[in-house]
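Per-entry structural report
Here's the letter readout for the chains.
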Amino acid sequence: MESPFTYILITLFFSSILLSIIFFMTWQTMGRQKYALMFSLSFLASTALWANTIFKSLFLSHNLYWMMGCTLSMLSVVLGTKGHCLRTKTPIPTSALLSLGGVGVALTFYFTYIDPFIGMQMSLYLFVDVIFLLITSVVIIRHRTKSRPAEIGTSVMHFVFAISLFIAASIALSQGRNMDVELIKLYSIVNFTALPAAYVGMSVFVIYMLASDLAEEMKLLAMTDVLTNCLNRRGFYIQAKQKMHELQKQGQHVCLIYWDIDKFKTINDQFGHAGGDQVLMSISQLIKQNIKKDDLMARVGGEEFVILIGRTCCDDATDVAERLRIMIQNTPIHFDEQRIQISASFGVVELGEKDISIEQAINLADKALYKAKSSGRNKVVFS
Ligand SMILES: Nc1nc2c(ncn2[C@@H]2O[C@H](COP(=O)(O)OP(=O)(O)OP(=O)(O)O)[C@@H](O)[C@H]2O)c(=O)[nH]1
């Protein structure tokens, strides 16, 4: 009859191998994101770590088994931390992570072979693991100003795993230079109860976090216009309502600018559909670069765009439209070594005072735009 700890180790071995396969498949199907591959390799190293412990009786020397376990543990946390750094674009160099892992292995080697000290040998690499887990926990939570629930959960689970390891390491360290059977018993209890639960919980949360990344990416795609990379009509309606309330709370005058490229059909006829597409791409880029980062721009039709802005007075909104009109008129678009001269017409409406909805504002601004078109184009009309 094997000890119950062996069964826990076997469960951990199979869980890790499955997690490694899941992350490998995620890497293959989710655009070969490097971080998913790092997670897969990290769990592969964990699988080897559990296998090392299960088959420890096969080692000729206990010290060799211990060094192998310590190295695999360091490798697993280095790869996992690197994966989280890549996902969050945190600039921690790989060399720094490898050096920290190397310190864990070197210290364990020293207290195993050069100056045998059981407390240090068993605990130091675990303390290094704790540092890696705490770094990961911070990296995940600091990624965004407003973290998603999956990120909060994953960060907390890394923290919980770090605490469990810290307790296990502290018990191991308190043995001192020689082995203490009572403390080893206590260490094993923590090692085989709290630790596996925290390890599995942390892994499941990482999967949840990647699934939530995918869901957010899909949501963003559904709200984005592929050609110009602006919001599409659906995205605009979703975001504009929230933005309007935010701006009104700040006491700003909320205005909507509806604009449309003049005689776009002629541009298509003259330069082909590709030329027309180039105009749409270049002009939307140009406008985006010349409005505030906080202003919300969307492509709501073929060559029709809207911008929701908040300014201190509504004259400012008309000034913005006038400035953009002049800029469009003075900026020819380059296509196939040709210059395409364009102009645009603008309708502006203020939302605040009339207490109207976004839909109503779009209708009013559209009417103002129609007036600009019918009175000769290349104009700004305030509704
Ligand atoms: N290249 C290109 N053309 C598009 C796209 N979407 C719509 N269009 C074209 O845009 C043109 C819009 O023409 P109209 O609605 O007559 O407007 P206009 O020629 O700009 O005339 P005014 O608005 O009155 O100045 C149509 O010929 C559409 O085929 C697109 O994604 N790419």
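Rules used throughout
Residues numbered from 1 in each chain as written. Predicted model: local features only at pLDDT ≥ 70, side-chain atom pairs only at ≥ 80, totals over all residues. Heavy atoms only, no water. Near = heavy atom within 4 Å. Areas by Shrake-Rupley, 256 points an atom, 1.4 Å probe, with all protein chains shown as cover. Helix = DSSP H or I, 4+ residues; strand = E, 2+ residues; numbered from the N terminus. Nonpolar A, V, L, I, M, F, W, Y, C, P; charged D, E, K, R; others polar. Buried < 20%, exposed > 50% of the residue type's maximum accessible area, 1.4 Å probe, protein only. Pairing = 2+ DSSP bridges. Salt bridge = Lys/Arg side-chain N within 4 Å of Asp/Glu carboxyl O. Expected span 1.5 Å × (residues − 1). Contact = heavy atoms within 4.5 Å. Polar contact = N/O pair within 3.5 Å; in protein donor to acceptor, adjacent residues only side chain to side chain. Axes fitted to C-alpha atoms, helices over the stretch in contact; angles between N-to-C directions. Parallel < 35°, antiparallel > 145°, perpendicular 65-115°, else oblique. Left-handed = near helix turned anticlockwise from the far one by under 90°. Domains from an automatic or database assignment. Phe/Tyr/Trp six-rings, centres within 6.5 Å; stacked < 30°, edge-to-face > 60°.

1. Things to note about the site of the ligand
- Close to the ligand lie 16 residues, the nearest being Lys263, Phe264, Asp277, Arg299 and Arg377.
- Its free accessible area being 670 Å², the ligand has 65% of it covered by the protein chains.
- Those elements that provide at least two residues to the shell around the ligand are β1 (253-261) and α10 (264-289).
- A total of seven residues in the shell around the ligand trace back to one element, the largest contributor, which is α10.
- Here the shell around the ligand is built from residues that sort into three nonpolar, four polar and nine charged.

2. Let's talk about the pairing of strand β3 (residues 304-311)
- For β3, the buried fraction is high: seven of the eight residues fall into the buried class.
- Where β1 lies against β3, eight bridges are found, and the strand directions are antiparallel. Considered in β3, the bridge of Ile257 is made with Ile307.
- Note: strand β2 (residues 296-299) against β3, four bridges, orientation antiparallel. Bridge pairing in β3 links Leu296 to Leu308.
- The antiparallel hairpin formed by β2 and β3 contains four residues in its connecting segment.

3. With respect to the pattern of salt bridges
- One pass over the full model with this rule turns up 16 salt bridges.
- A salt bridge links Glu151 to Arg87; the shortest N-O distance between them is 2.7 Å. Taken as a pair, Glu151 in helix α6 (residues 149-173) and Arg87 in helix α3 (residues 62-88) lie far apart in primary sequence, 64 residues in all. The burial state of Glu151 is the same as that of Arg87; both residues are buried.
- We note a salt bridge from Asp262 to Lys373, for which the minimum N-O separation is 2.8 Å. With Asp262 in the loop between β1 and α10 and Lys373 in helix α12 (residues 358-374), this pair connects stretches of sequence that are 111 residues apart.
- Take Asp262: its relative accessible area is 5%, and that puts it in the buried class.

4. Digging into helix α7 (residues 181-192)
- Taking 1.5 Å per residue as the helical rise, α7 with its twelve residues ought to reach 16 Å, and the 16 Å between its terminal C-alpha atoms agrees with that figure.
- Every buried residue belonging to α7 is among Leu183, Tyr187, Ser188, Val190 and Phe192, and all of these are buried.
- Tucked into the core, α7 has its buried residues touching α1 (4-29), α3, α5 (118-141), α6 and α8 (194-222).
- N-cap assignment for α7: the residue whose side-chain oxygen lies 3.0 Å from the backbone N of Glu182 is Asp180.

5. Here's the deal with unusual backbone geometry
- A positive phi angle, near 55 degrees, is found at Lys89, a position not held by glycine.
- Of note, Lys89 is situated in the loop between α3 and α4 (94-114).
- By relative accessible area, which is 72% here, Lys89 ends up exposed.
- Its identity as a non-glycine residue notwithstanding, Asp336 has a phi of 50 degrees, on the positive side.
- Note that Asp336 resides in the loop between β4 (333-335) and β5 (338-340).

6. A short note on the sheet that holds β1
- The five strands are arranged β2-β3-β1-β6-β7 in an open sheet whose pairing can be described as mixed. Strands with a single pairing partner mark the edges of an open sheet, and in this sheet they are β2 and β7 (380-382). Taken over all neighbouring pairs, the strand axes of this sheet differ in orientation by 15 degrees on average, direction set aside.
- Pairing geometry for strand β6 (residues 344-350) and β7, over three bridges, is parallel. Residue Gly347 lies in a different strand from β7, and its bridge partner there is Val381.
- Its contacts with the sheet put α12 on β1, β3, β6 and β7, and the angle it makes with β6 is roughly 140 degrees.

7. Let's talk about the packing of α1 against α8
- Where α1 meets α8, the closest approach of the two axes is 11 Å, and the angle between their N-to-C directions is 15 degrees. Between α1 and α8, the angle falls in the class roughly parallel. Of the two elements, α1 crosses α8, and the hand of that crossing is left-handed. Where α1 abuts α8, its residues Ile8, Leu12, Ser16, Leu19, Ile22, Phe23 and Thr26 lie against Pro196, Tyr199, Val200, Ser203, Val206, Ile207 and Leu210.
- For the contact of α1 with α8, the per-class residue count stands at eleven nonpolar, three polar and no charged.

8. Details of the domain arrangement of the protein
- Domain assignment breaks the protein into domain 1 (4-220) and domain 2 (233-382).
- For domain 1 and domain 2, the distance between their C-alpha centroids amounts to 52 Å.

9. Overview of the packing of aromatic side chains
- Scanning all chains against the criterion turns up 20 aromatic pairs.
- Here the aromatic rings of Phe5 and Phe192 are separated by 4.4 Å at their centres, their planes lie at 15 degrees, and the arrangement is stacked. One end of the pair, Phe5, is in helix α1; the other, Phe192, is in helix α7, with 187 residues separating them in the sequence.
- Accessibility expressed as a relative area gives 33% for Phe5, which makes it partly exposed.
- A ring pair is formed by Phe161 and Tyr199, whose centres lie 6.0 Å apart and whose planes are at 55 degrees; its orientation type is tilted. One end of the pair, Phe161, is in helix α6; the other, Tyr199, is in helix α8, and 38 residues separate them in sequence.

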